Amino acid sequence: MKRSFTRFRLILLTIILLATLHIKADITPGDTIHAIHYVIDLQEVNMTSQTIDANTTITLTPLVDNLTVLQLQLMDLTVDSVYVDQQLISGFSHENEILHIPLAAPISVGDTPIVQVFYHGEPFHEDWGGFHYSGDYAFNLGVGISWIPHNLGKTWFPCIDDFTDRATYEVIATVPDNMTAVAGGELLEVIHNGNGTRTFHWYLDNPIPTYLASVAIGDYALVEDTYAGAERDIPVTYYVLHNDSSLVSGSFSRIPVSYTHLRAHETSLPISYAVFCL
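Residues numbered from 1 in each chain as written. Predicted model: local features only at pLDDT ≥ 70, side-chain atom pairs only at ≥ 80, totals over all residues. Heavy atoms only, no water.

Caption draft 1: The arrangement of the overall build of the protein in detail. Helices and strands together make up the secondary structure of the protein, namely three helices and 18 strands. Counting the 278 residues in the protein, one finds 41% classified as buried. Entry remark: accessible area of the protein is about 15400 Å², with carbon and sulfur atoms responsible for 56%. (Helix = DSSP H or I, 4+ residues; strand = E, 2+ residues; numbered from the N terminus. Buried < 20%, exposed > 50% of the residue type's maximum accessible area, 1.4 Å probe, protein only. Areas by Shrake-Rupley, 256 points an atom, 1.4 Å probe, with all protein chains shown as cover.)

See below:
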């Protein structure tokens, strides 16, 4: 009996060791590069074909010296072209959700190359996470339930899709005039293009991981409010379905209390605006 138990322990330790070695050998994009800033430009979100046509510009910095290949994660979408520092890269490859971008010259710690990826296609979604279409609405949920690993930022933009890499964001979305595009952060401008579309430009200056980057597109009603901050009034905006606009004041009456509690415990956390899309 003792001999059998010893053999079982040896087998178990061997399995654990092999699994550990496999995890260490599984190099991910976040092991070699860090994303500083993303600009996600959704040029078209087609509700009929349930596709997107987009490009994303990423300011990166390497975590190791003499890096010759950049790797980004992008799932199910087709890459049309890749640029590094405005130079077209012809030798890129896209396999198993990894976009491999060869560099003309090695880069090292302290460098900040700018990568731009043009892509299109039908974004992936599971029952919960991913990029979803529902009638005339489109939105993303950055965390999957059944999908492993659970990060699903890569379903709508090329990225370093892990829970630890944090960057600032701009989301630019062009939509029909009767629709609104909502993203995380502050709305910088709305451009009326004169061709039946308008472009929303959102900016988030607080670094977040990819799964928190968000967008929602649809025929939303805007409800505006303010929260009396310690130094100034803070604008609070709600984007809701038109039929729900009258319910905002009652449904979110506790928001000011939540802000007060948050500031009392996180005094260093800047709150300059708040946006909710429901």
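Caption draft 2: Spotlight on the sheet that holds strand β8 (residues 114-121). Spatial strand order, β5-β4-β8-β2-β1-β11-β14-β13: eight strands in an open sheet with mixed pairing. Looking at which strands have only one partner, the edges of the open sheet turn out to be β5 (87-88) and β13 (186-192). (Pairing = 2+ DSSP bridges.)

Caption draft 3: Region of the structure containing the sheet that holds strand β9 (residues 130-134). The four strands are arranged β9-β10-β15-β12 in an open sheet whose pairing can be described as antiparallel. Two strands in the sheet have a free side with no partner beyond their single neighbour: β9 and β12 (180-183). Strand-to-strand twist of the sheet, defined as the mean angle between neighbouring strand axes without regard to direction, takes the value 15 degrees. Both strand β10 (residues 137-141) and strand β15 (residues 215-218) contribute to a ladder of two bridges, which runs antiparallel. Within β15, the residue paired with Phe139 across the bridge is Ala216. (Axes fitted to C-alpha atoms, helices over the stretch in contact; angles between N-to-C directions.)

Caption draft 4: Geometry of the nonpolar core. Counting 53 residues, the largest nonpolar core has Tyr38 and Trp156 as the members making the most contacts within it. Here the element with the most residues in this core is strand β1 (residues 33-46); it accounts for six residues. Setting aside its immediate chain neighbours within four residues, Trp156 contacts Ile40, Leu42, Ile52, Leu77, Tyr119, Phe131, Asn140, Val171, Ala213, Ser214 and Val215. In this structure, Ala221, Tyr227, Val240 and Ile255 belong to the second largest nonpolar core, which totals nine residues. (Core = buried A, V, L, I, M, F, W, Y, C linked by side-chain atoms within 4.5 Å. Contact = heavy atoms within 4.5 Å.)

Caption draft 5: Seen up close, the confidence of the model for the protein. When the pLDDT values of the protein are averaged, the result is 87; 84% of them are 70 or greater. Low pLDDT, under 50, characterises residues 10-25; the stretch is placed with zero contacts to residues that sit more than four places away or in other chains. (pLDDT = per-residue confidence, 0-100.)

Caption draft 6: Representation of the pattern of salt bridges. Taken as a whole and judged by the stated rule, the model has one salt bridge. Put simply, Asp161 and Lys154 hold a salt bridge, and the shortest N to O gap is 3.0 Å. Its relative accessible area of 4% is what places Asp161 among the buried residues. (Salt bridge = Lys/Arg side-chain N within 4 Å of Asp/Glu carboxyl O.)

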